[in-house]
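Each chain is listed here by its residues.
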Amino acid sequence: MVVPAVPEIVEVEIHESVIARTESLPILRELGPPDLVHLIKSQPKSGLKEIGTYHHVTGVDASSSASLAAYINTLTYLIGENQIWFGKPQSWRITTGIYCCYNAFSRVDMRVEVGIPGGVEAYAIDERGAKRPASDTLWLETYLCGVLRAFSYADDAQNRIVGCRRFNPITNTESEHKFLDAAEKLFFRGYQLGSDPEIQVPSLVSNYLTSGLLAYIHTTGRFASGVNLFEKLRSKDPEIASLLARVLIDADEEVKAVSLLHDTVKVLPLDSALLDVQAQFCMSKGRYDLALECAKRAVNSAPSEFTTWERLAQVYLKLEQYELALLTLNSCPMFTYQDRDIPKMPPPARIHLPILPESVLDEMSDDLHDPKQDMVDPTLLKLPAGNLKGTFKRAYRILTEITNQIGWDQLLKCRSGVFVMEEEYRHEKSASVVGVRGSVGDDEAEEDTEDDAPAVNGDSKLEKAAVTNGDGEQTEEDAEPKDTAEAETKEPADTIEKPEQTVLPEETKTGEDAAEPIDGMGTPAAQKYTHFQNKRLCERWLDNLFMVLYEDLRIYTIWRSDLVRSTQQQRPYRKSATEWEILGELAQRLHHLEEAEEAFQACLHIRFSPRSLRGILKAQEKGRDHRGGLDSIIRLTAWQYRGYSEFSPSILYSIRKLIAEDGAVKVRSIVQATNFPQSVLDLTHHYAQLCAAFRSSGSDG
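Residues numbered from 1 in each chain as written. Predicted model: local features only at pLDDT ≥ 70, side-chain atom pairs only at ≥ 80, totals over all residues. Heavy atoms only, no water.

Visitor: Tell me about the overall build of the chain, residues and numbers included.
Guide: When helices and strands are tallied, the chain shows 28 helices and 11 strands. Within the span of the chain, comprising 701 residues, buried residues form 54% of the whole. (Helix = DSSP H or I, 4+ residues; strand = E, 2+ residues; numbered from the N terminus. Buried < 20%, exposed > 50% of the residue type's maximum accessible area, 1.4 Å probe, protein only.)

Visitor: I'd love a proper account of the pairing of strand E6 (residues 93–103), names of residues and values included.
Guide: Here E6 lies mainly inside the structure; nine of its 11 residues are buried. Bridging between strand E2 (residues 35–43) and E6 involves seven bridges; their strand directions are antiparallel. Residue pairing for E6: Ser42 is matched across the bridge by Arg93. Hairpin connection of E6 to strand E7 (residues 108–115): four residues between the antiparallel strands, including Arg107 at a positive phi of 55°. (Pairing = 2+ DSSP bridges.)

Visitor: Please set out unusual backbone geometry residue by residue, giving values where relevant.
Guide: Here Ile116 and Pro117 are connected by a cis peptide whose omega angle stands at 25°. Following the sequence through the fold, Pro117 ends up in the loop between E7 and strand E8 (120–125). The phi angle at Glu320 is positive, at roughly 65°, despite the residue not being glycine. By secondary structure assignment, the location of Glu320 is in the loop between helix H11 (306–318) and helix H12 (322–331). Here Tyr644, not a glycine, exhibits a phi torsion of approximately 70°, which is positive. Looking at where Tyr644 falls in the secondary structure, it is placed in the loop between helix H25 (626–642) and helix H26 (649–662). Taking relative accessible area as the criterion, Tyr644 reaches 7% and is therefore assigned buried.

Visitor: Explain the pattern of salt bridges residue by residue, including any values.
Guide: Summed over the entire model, instances satisfying the criterion amount to 30 salt bridges. One salt bridge connects Glu310 with Arg394, and the closest N-O pair in it is separated by 2.5 Å. Taken together, the residues span a long stretch of sequence, with Glu310 in helix H11 and Arg394 in helix H14 (residues 390–406) at a distance of 84 residues. Residue Glu310 is classed as buried on the basis of its relative accessible area of 5%. Overall, the relative accessible area of 23% leaves Arg394 in the partly exposed class. A salt bridge links Arg554 to Glu551; the nearest nitrogen and oxygen atoms lie 2.4 Å apart. Residue Arg554 and its partner Glu551 are located together in helix H21 (residues 540–568), separated by three residues, close to a single helical turn. By relative accessible area, which is 13% here, Glu551 ends up buried. (Salt bridge = Lys/Arg side-chain N within 4 Å of Asp/Glu carboxyl O.)

Visitor: Can you tell me about the nonpolar core, naming the residues and giving the values?
Guide: Side chains that are nonpolar tend, in soluble globular proteins, to be buried together. Core analysis: the largest hydrophobic core is formed by 76 residues, its most contacted members being Leu144, Phe179, Phe187, Leu193, Leu213 and Phe230. For Phe230, the contacting residues outside a window of four places in its chain are Phe187, Leu213, Leu214, Ile217, Ile240, Leu243, Leu244 and Val247. Leu383, Leu553, Leu563 and Tyr573 belong to the second-largest nonpolar core, a separate cluster that totals 70 residues. (Core = buried A, V, L, I, M, F, W, Y, C linked by side-chain atoms within 4.5 Å. Contact = heavy atoms within 4.5 Å.)

Visitor: Would you mind going over the environment of Ala70 in detail, with residue names and values included?
Guide: With respect to the helices and strands, Ala70 occurs in helix H2 (residues 65–78). By relative accessible area, Ala70 is classed as partly exposed at 40%.

Visitor: So what's going on with the pairing of E8? Which residues, and what values?
Guide: Alignment of E7 against E8, held across six bridges, turns out to be antiparallel. Bridge pairing links Val112 to Ala122 in E8. Hairpin geometry of E7 and E8 is characterised by an intervening segment of four residues between the two adjacent antiparallel strands and by a positive phi of about 105° at Gly119. Direction of pairing for E8 relative to strand E9 (residues 131–132): antiparallel, over a ladder of two bridges. The residue of E9 that forms the bridge with Ile125 is Lys131. Connecting E8 to the antiparallel partner E9 that follows it, the hairpin turn spans five residues, and Gly129 within it adopts a positive phi of roughly 85°.

Visitor: Outline the confidence of the model for the chain, supporting the account with residue identities and numerical values.
Guide: Per-residue pLDDT for the chain has a mean of 85; in total, 85% of the residues score no lower than 70. A low-confidence stretch, residues 433–494 (pLDDT under 50), is modelled with 225 contacts involving residues beyond four sequence positions or located in other chains. Here residues 509–530 scores under 50 on pLDDT; set against residues more than four positions off or in separate chains, the count is 50 contacts. (pLDDT = per-residue confidence, 0-100.)

Visitor: Requested: an account of helix H24 (residues 610–622), with residues and values cited.
Guide: The end-to-end C-alpha separation of H24 is 18 Å, in line with the 18 Å expected for 13 residues at 1.5 Å each. Buried within H24 we find Pro610, Ser612, Leu613, Gly615, Ile616, Leu617 and Gln620. In this fold, the buried residues of H24 make contact with helix H22 (577–589), helix H23 (593–606), H25 and H26. Downstream of H24 by a residue or two, Arg624 has a phi angle that is positive, lying close to 55°. (Expected span 1.5 Å × (residues − 1).)

Visitor: Describe a nonpolar patch on the surface, naming the residues involved and giving the relevant values.
Guide: Taken together, the side chains of Val162, Ile351 and Leu353 present a nonpolar region at the surface, about 240 Å² in accessible area. You can see Leu353 is positioned in the loop between strand E11 (350–352) and helix H13 (378–381). With relative accessibility at 44%, the residue Leu353 sits in the partly exposed group. (Patch = residues over 30% accessible without salt bridge, like charges linked within 9 Å, V, L, I, M, F, W, Y side chains within 5 Å. Areas by Shrake-Rupley, 256 points an atom, 1.4 Å probe, with all protein chains shown as cover.)

Visitor: Account for the environment of Thr400, naming residues and giving values.
Guide: Tracing the backbone through its elements, the reader meets Thr400 in helix H14. Each C-alpha atom of the pair Thr400 and Arg589 lies 7.3 Å from the other, and the pair is 189 residues apart in sequence. Polar side-chain contacts of Thr400 include one of 2.9 Å to the side chain of His591. (Polar contact = N/O pair within 3.5 Å; in protein donor to acceptor, adjacent residues only side chain to side chain.)

Visitor: Can you explain the packing of helix H8 (residues 254–267) against helix H9 (residues 272–284)? Please cite residues and give values.
Guide: One can describe the packing of H8 onto H9 by two numbers: an axis separation of 11 Å at closest approach and a directional angle of 140°. Here H8 lies oblique to H9, going by the angle between them. Crossing hand, H8 versus H9: left-handed. Each of Glu254, Val258, Leu261, Thr264 and Val265 in H8 lies in contact with H9, whose residues at this interface are Leu274, Leu275, Val277, Gln278 and Phe281. Here the residues of the contact of H8 with H9 are counted per class, giving seven nonpolar, two polar and one charged. (Axes fitted to C-alpha atoms, helices over the stretch in contact; angles between N-to-C directions. Parallel < 35°, antiparallel > 145°, perpendicular 65-115°, else oblique. Left-handed = near helix turned anticlockwise from the far one by under 90°. Nonpolar A, V, L, I, M, F, W, Y, C, P; charged D, E, K, R; others polar.)

Spelled out as C-alpha cells, the structure:
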C-alpha cells in the first residue's frame, strides 16, 4: 500500500519544536496534540551543516519504544537518498530522530530518541519537564491514547494541522484485538481523558474513551467485537448497559437491546444515559409519546447536562409542541467550548510540502487556481452561525429545525408567546405601583415554578407579523415560513423581519424564577402563555441565537431572490467558488438540501473544493446515487492523500455501507470503470480491502 508523502517543517533553531512541545505540556486538557517527529539532517558530501525538521503524525503504533523507533527508521528511506527537496533532488543523512507521543492518562509525554545508525533511548517527560522512566503501564496508556487521537483527528476539518501525516491505527483483526484489550484494561479510568464539549462532567459512560470505542465500532461495523467487550465490562458494572444497548441497536439487534434496557432500568431507574438511549430508540420508531416520558426522567436524573435537555427539546419538536421546545431549549445548560489540543509551534524557517505522485488529479492542480475565486462578499464572511461550536451549535440546530417546520413568522409568535419582550416588560414595570420583582410577582412566581415548561419569559407582542429584537448576535434559519417562490417576489427587507428585543435575566431585579430547574414538566401542550406573569425570561445566549438565525435567514433570502431575478432577466448569476461554498453550507444549516447541493455543484464547476464535495457526497448518499457517491469518494481519497492522510473514518464508513448494499465485487467494478488514473483507483481500493479484512457485510473477505 502506498504511504503518504512526508511533509517537513524546517526549524530556525534546532530542537525549538521539541522545546515548544515541552513548554505546552502543563496547559494540555484533552487527548493531547498529534505526535511530533523531530529529525536532524545533514549533507556530509556538500558540507551542509545540520538542520532540524519536524512533522506531526497520528495512527502510529505507540505500544513500545521499538515500534516508534521503527517509524523513524522508515523515514531514512523516504526522505534520505534522492529526496526532492524544494524542487531539487538531494541526498540527506538523518543523524537523530525524536518521537514524542502524549499520554493523556498520566499527563506525560513519552519520547523515544533514536541515534542513527544505532542507539535508542525511551523516557517520559512530565508537566514540569522532568524525566521519568518509561514503564509498561505508561506504554499501554500511550498506545490507547494514540489510537483515540487517530480517530478523533482524522476528519477534523476545523483544526487542520500543517504537516500532519494520518495513518489508520487498526488495519486488521489482530490490531483490533490489541486495541480492545487495552480499552478493557483501562476502561474504568476513561473519565480521566475528559469528554466531548457537550458533556459537562466526564463519567464512566461519557468520555473520550467511550466516544472513541463507539466511533470505531460504528465506522468499521465490528459490532460483534463491541458487544463482546461491553458484555464483559457490564458484568463488572451494570451502568455499561447503555453502551451495550447502543451497539446492539446499531447492529440491528433491537430485540436484544430492548430486553437489555428493560432489565437494566429496573436496577438503575435513574441512569440518565440509559434513559437517553430509550428516548432515542422510541424516537426512531416514531413513538414520541414514549420518548417524552424517558426524556423527562433523564432531565430529572441529570439536570446539569446539556444532552438530556437537548433530547427533551427534540421530542417536543417532533410532537409539534414548539413553545415547550423553545422553553426547554432556553433551560439547556450551556458550556464554554474547549478546543482540541493543537500544537503551538514557533514560526518555521521553511515548509516543505511534497505531493504524492500517485494522488495527482488534474482538477486539483495549483496551476488552475484563480485568486479571484477566493474573493468573498464581506456579508458572507461575517455570518456567525458557521463559527458556532459545542452546545451552542447543537442548540442552534434545534432552532433551525423548528423554523424549517413552522416558518420564521410562526417562530416569532411562539417566541413572543413564551418570553417577555422588552416593550411588554417596560409597560408592565411602569404600570406597577409596588414594582415588579423580575418579570413576575412573589405569589405568581411560586405558581410559575410549578409549570412544566423549563424556560424563562415570553412576549405576546408579536401578534403583529413584524418583530424586532436587538440584543445579541445575529440569527440563522431561512426565514421561509412562506414558499421560496413567494418570498423571492418581494424585496428581502420586506420578507424577513428582525426579531424584537427580549428581556434578559440580568435586566430584572431578580432572576430566580428563570433560573429554577423544572420539575415534572407536564404542562399540557394547549397551555397558552398569554399573561405576563406566566412568561419566562429569555437567556442571553438564546437571544443571541435568534439574531444569528435572523442573519442567516436574511442572507439566504437575498441569495434566492437575486437568483430568481437573474433567471427571469436571463442573465448569469455569478459568485466566486468560495462564496458558493459558504452559500452551500448556509443552505445546509437551514435544512434546504436541494439548494445546498445546487450551490456546491456551482462551486465544483469553477474549481475543486473538498468542502463542496463532502456536501455533494451527503446528498448522493441520501439519494442512493451509488455511482455518483463513488465518484466523489475517489476524488476525496486522492485529496486526502495530497494532505498526507491515508485514513478517513467517514470515507471508510461510506464505502462500508455501499459494500453492504451492493457487494464488494460490484463496488470494485464501478470504481475500476471510472476514468481516473489507476494509481488513484488503487488508493480507493484500499478502503475496500479494509472492509474485507474486517469481514464486513457484503465483503468477499
